[in-house]
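Observations on the three-dimensional arrangement
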Amino acid sequence: FYDACVEGDTDSAMLSIKEGINPNEPFSQVEAQGKTPLFIASEQGHLELVEALLQSHADVDYALEKGHQEGQTALLIAIVVTNKSSQEKKAKIVKALLTAGANPNTVISKGLFQGGSPFFMVLGGGQSLDLRHAKEFIEAGADINQIHAGQTPLSKAASNNLKEAVNILLDDGA
């Protein structure tokens, strides 16, 4: 099952789930570091597998409990990871996660992105997700007035010279 998720083999992964494997059970392999199938599929950029796992009721807001990515969710990793996926596929994975109810305001408890949220990562300026998708985060319930490290989303977008994001936030009442 782990190999199928890493490789994006949707058919094999879904067969494993049909045979009784829990899609929310973190993998025990050392290299998996407690990641769930949805986390791995999001991290690897496997859109079809992400969609299938979501249909199988994968926990969209599961946060890793150990390792160097502790506290991160599938949504966050889909935003920040650099993989072989096209920008379009990456954006579709993020949209699928948001549509399935991923919380754009989840505060990362530990690790590299501690204290941030997926919404703040989109406004980070260095992320590869197209800022036009900031609107999707707002529609999914992103708190446009949350404060992180002394900044609001509007001040973060402005400090990173993200004019499009500034306009989106202003249009939505920030």
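Not measured: the values here are computed from a predicted model.

**A word on helix H3 (residues 37-44)**
Side chains three or four residues apart in an α-helix point the same way, a direct result of the helix having 3.6 residues per turn. For H3, a buried count of seven out of eight residues is recorded, marking the element as mostly surrounded by other parts of the structure. Among the residues of H3, those classed as buried are Pro-37, Leu-38, Phe-39, Ile-40, Ala-41, Ser-42 and Glu-43. For H3, the elements touching its buried residues are helix H1 (2-7), helix H4 (47-55), helix H5 (74-80) and helix H6 (87-99). Directly after H3, the chain includes Gly-45, whose backbone phi takes a positive value near 80°.

**Overview of a negative patch on the surface**
A surface patch of negative charge is lined by Asp-3, Glu-7, Asp-9, Asp-11, Glu-48 and Glu-51. Among the elements of the structure, H1 and H4 are those that each provide at least two residues to the negative patch. Position of Asp-3 among the secondary structure elements: in helix H1.

**Looking at the environment of Ile-79**
Secondary-structure assignment places Ile-79 in helix H5. Measuring from C-alpha to C-alpha, the distance between Ile-79 and Ser-42 comes to 9.1 Å, with 37 residues separating the pair along the chain.

**What to know about the packing of aromatic side chains**
Considering all chains together, one arrives at three aromatic pairs under this definition. Ring centres of Tyr-2 and Phe-27 lie 5.2 Å apart, and the angle between their planes is 75°; this geometry places the pair in the edge-to-face category. Of this pair, Tyr-2 sits in helix H1 while Phe-27 sits in the loop between helix H2 (10-18) and H3; the two residues are 25 residues apart in sequence, bridging distant segments of the chain. Since its relative accessible area comes to 13%, Tyr-2 is described here as buried. By relative accessible area, Phe-27 is classed as buried at 9%.

**With respect to the nonpolar core**
General note: in soluble globular proteins, nonpolar side chains tend to be found buried as a group. Judged by nonpolar contacts, the single largest core of 52 residues is most densely connected at Leu-38, Leu-75, Ile-79, Leu-97 and Phe-137. Top element by residues in this core is H5. It accounts for seven residues. In this view, Leu-97 contacts Leu-38, Ser-42, Val-50, Leu-54, Val-60, Ala-74, Leu-75, Ala-78 and Ala-102; residues no more than four positions away in its chain are not counted.

**Examining the side chain of Thr-36**
By secondary structure assignment, the location of Thr-36 is in the loop between H2 and H3. Sequence-distant contacts of Thr-36, that is, excluding residues within four places in its chain, are made with Asn-24, Glu-25, Pro-26, Phe-27 and Tyr-62.

**Remarks on H4**
Burial in H4 covers these residues: Leu-47, Leu-49, Val-50, Ala-52, Leu-53 and Leu-54. Directly beyond the C-terminal end of H4, a positive phi value near 70° is found at His-57.

About the cut-offs
- Residues numbered from 1 in each chain as written.
- Predicted model: local features only at pLDDT ≥ 70, side-chain atom pairs only at ≥ 80, totals over all residues.
- Heavy atoms only, no water.
- Buried < 20%, exposed > 50% of the residue type's maximum accessible area, 1.4 Å probe, protein only.
- Helix = DSSP H or I, 4+ residues; strand = E, 2+ residues; numbered from the N terminus.
- Contact = heavy atoms within 4.5 Å.
- Patch = residues over 30% accessible without salt bridge, like charges linked within 9 Å, V, L, I, M, F, W, Y side chains within 5 Å.
- Areas by Shrake-Rupley, 256 points an atom, 1.4 Å probe, with all protein chains shown as cover.
- Salt bridge = Lys/Arg side-chain N within 4 Å of Asp/Glu carboxyl O.
- Lys, Arg positive; Asp, Glu negative; His and termini not counted.
- Charge placed at Lys NZ, Arg CZ, Asp CG, Glu CD.
- Phe/Tyr/Trp six-rings, centres within 6.5 Å; stacked < 30°, edge-to-face > 60°.
- Core = buried A, V, L, I, M, F, W, Y, C linked by side-chain atoms within 4.5 Å.

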